[in-house]
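Now for the letters of each chain:
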Amino acid sequence: MWGVITALISGILMSVQGVFNTDLKEQTSLWVSTGWVQLTAFAVCILAWLFTGRSSVGALFQVENKYTLLGGVIGAFITVTVIQSVSSLGPARSAMLIVIAQIAMSYLIELFGLFGMERQSLTLRRLLGIAVAITGIVIFKWEK
């Protein structure tokens, strides 16, 4: 149940953040707003680290799969692409497309066992689920 609650909170926060970041971009610029988002996220992480046990930062240099260190780089591009999509499509349409892309990519990661994830078999049920989600976007929001 905790996973469901945190996933719902995550979706809510992503939508609100996308709108905030888009407004910030309109008042500053794309890279200034993205930098501010990443800087403030870093500050929150430092504060959380100071108050929650201070595990070793040196452990980062011991990580086996070095590609996993790219999460922050990816995060910067996530911020940029969310800002751009909300700016051009609006929050609802962009959120729906972002979620569909997440579902499709997550399925491919599981299907091929990428990045150390356990490999899952191809099932008609999952493919139909993605198709239904895409159809839902078309029915729900696509006006053009």
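Use the structure listed above.
Summarised in this report is the structure supplied together with it. Model, not experiment: these values are computed from the prediction. (Residues numbered from 1 in each chain as written. Predicted model: local features only at pLDDT ≥ 70, side-chain atom pairs only at ≥ 80, totals over all residues. Heavy atoms only, no water.)

### A short note on the packing of aromatic side chains
- Per the counting criterion, the structure on display carries two aromatic pairs.
- Aromatic pair Trp31 and Phe77: ring centres 6.4 Å apart, planes at 85 degrees, arrangement edge-to-face. Of this pair, Trp31 sits in helix α2 (residues 30–51) while Phe77 is found in helix α3 (residues 71–89), placing the two residues 46 residues apart along the sequence.
- Taking the relative accessible area as the measure of exposure, Phe77 reaches 49% and is therefore partly exposed.
- Here the aromatic rings of Tyr67 and Phe115 are separated by 5.6 Å at their centres, their planes lie at 50 degrees, and the arrangement is tilted. Within this pair, whereas Tyr67 is found in the loop between α2 and α3, its partner Phe115 is found in the loop between α4 (91–112) and α5 (124–140), the two being separated by 48 residues in sequence.
- Between the NZ or CZ atom of Arg54 and the centre of the ring of Trp49, over which it lies, the distance is 6.0 Å. (Phe/Tyr/Trp six-rings, centres within 6.5 Å; stacked < 30°, edge-to-face > 60°. Helix = DSSP H or I, 4+ residues; strand = E, 2+ residues; numbered from the N terminus. Buried < 20%, exposed > 50% of the residue type's maximum accessible area, 1.4 Å probe, protein only. Lys NZ or Arg CZ within 6 Å of the ring centre and 35° of its normal.)

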